[in-house]
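Given next are the chains, with one letter for each unit.
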Amino acid sequence: FNLPFSVQFVLITTLIKGIMITRACRQRLFHYSNSYDLKSQLRFASSLVIAEHNNKSMNLSTLSVISAAHKLGGEVSILVLGHDSNSVVEEAIKIPGISKVLHANHPIYKNWVAENVSLGIKQATESEAFSHIFALSSMCGKNYIGRLAAQMDVSPITDIVKVIDENTFERPMYAGNAISTVSAFDPVKLITVRATAFDKALNTGGSAAVKEASLPNEPNAKLSEFVSESICHSERPDLSTARVVVSGGRGMKSKENFQMLEKLADKLGGAVGASRAAVDAGYVPNEMQIGQTGKVVAPELYFAIGISGAIQHLSGMKDSKCIVAINKDMDAPIFSVADYGLAIDLFNALPELCKKV
């Protein structure tokens, strides 16, 4: 070439990289064609929803995952892994638009140990040849979805908020400040769903068939075992699905002061939440945390009391229908997302609010 050496060098290296990428793509396509039935890539979408439950009742947020799966069209099935979980299966078959319910009943699935659950889902997926697997973007879902992706050699698409087509989805990034459009061309799409972004499916009127799911030859991965669990029982609604949420932050100043929030929540029939600062300060337990590293909620009414409004907290509650903020700092970021705000000392406002409700 009659070109400077530097230009020739760039052209040659670019050509070499192109050849290497082409070879890698061919090898990956060959791997997929041998790992999965190729007809699964050519058929219409067939989705499997992993039901999250406690062996007695289904987590209502699973209904939002089902709504997301229906956005693709095609058949939607539900997988119930558990032990003595017939009541969950009874719930699942009543959901409209479900073609079949796969029931994997085995003692190993009683406590949802991630290593064992991922093996069970993989076996069920391969035996039925689903094109999409949907799971709830919860602490439980996040626990097993990475293991399942590694076992299936696919890239998971996490925390989606919109379904565009079979290969394209939208998900939040940078603590919800940006929405990215993600395309995936793996033969099986592994997806977790942000429940607050989709309406809940109806849970009555369906009549799906029940089928026994195919189990792995050795369902126990023998990598970890369940020891015990400590559950905080409450008569209040579940934080993730409550119609009203009353949350407190560092401004509550003590564990005892959270009783004021509990009183307001009880009057409104709501749940009590907290910011990470309040959890780190030891005012409330971990399961009450709302935000990027906690739970994501979108109630009809959200009270942010004594919460400054750090971006990590906003990412977990800014989709609420109506936000009421109480903070004596007029410049607190929480007021930027609030529909109603009171720039007043919460210890003066809360007692008055409780009297009026």
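What you see is a predicted model; the values in this text were computed from it and never measured.

> Looking at this structure, how should I read the overall build of the protein chain?
Each helix and strand in the protein chain was counted, giving 10 helices and 15 strands. Element-wise, carbon and sulfur atoms account for 53% of the exposed surface of the protein chain, whose accessible area totals about 18,700 Å².

> Is there a simple way to think about the sheet that holds strand β7 (residues 168–173) in this case?
By definition, the strands of a sheet pair up through backbone hydrogen bonds, in either a parallel or an antiparallel sense. With antiparallel pairing, the three strands of this open sheet are ordered in space as β6-β7-β8. At either margin of the open sheet sits one strand with a lone partner, and together these are β6 (162–163) and β8 (178–183). As defined by bridge partners, β7 adjoins β8 across six bridges and the pair is classed as antiparallel. Residue pairing across strands places Arg171 opposite Ser180, the latter belonging to β8.

> What am I meant to see in unusual backbone geometry here?
What is expected of a backbone is that most residues other than glycine have negative phi and most peptide bonds are trans. Positioned with a positive phi, Asn55 is a non-glycine residue whose angle comes to about 75°. Counting through the fold element by element, Asn55 comes out in the loop between β1 (46–50) and α3 (62–70). A residue is classified by how much of its surface remains accessible, and Asn55, at 11% relative accessible area, is buried.

> Help me understand the packing of aromatic side chains in this model?
To describe a pair of aromatic rings, you give the distance between the ring centres and the angle between the ring planes. Evaluation of the coordinates by the stated rule reveals two aromatic pairs. Taking the centre distance of 6.0 Å and the plane angle of 45° together, the rings of Trp112 and Tyr144 count as tilted. Note that Trp112 is positioned in the loop between β3 (100–105) and α5 (114–128) and Tyr144 in helix α6 (residues 139–152), a separation of 32 residues in sequence. Tyr144 matches Trp112 in its accessibility class, with the two residues each being buried. Each ring, one from Phe258 and one from Tyr283, has its centre 6.3 Å from the other, and the planes form 50°; the classification is tilted. Taken as a pair, Phe258 in helix α7 (residues 258–268) and Tyr283 in the loop between α8 (276–280) and β13 (301–305) lie far apart in primary sequence, 25 residues in all. For Phe258, a relative accessible area of 1% gives the class buried. The exposure class assigned to Tyr283 is buried, which follows from its relative accessible area of 14%.

Definitions and cut-offs
Residues numbered from 1 in each chain as written. Predicted model: local features only at pLDDT ≥ 70, side-chain atom pairs only at ≥ 80, totals over all residues. Heavy atoms only, no water. Helix = DSSP H or I, 4+ residues; strand = E, 2+ residues; numbered from the N terminus. Areas by Shrake-Rupley, 256 points an atom, 1.4 Å probe, with all protein chains shown as cover. Pairing = 2+ DSSP bridges. Buried < 20%, exposed > 50% of the residue type's maximum accessible area, 1.4 Å probe, protein only. Phe/Tyr/Trp six-rings, centres within 6.5 Å; stacked < 30°, edge-to-face > 60°.

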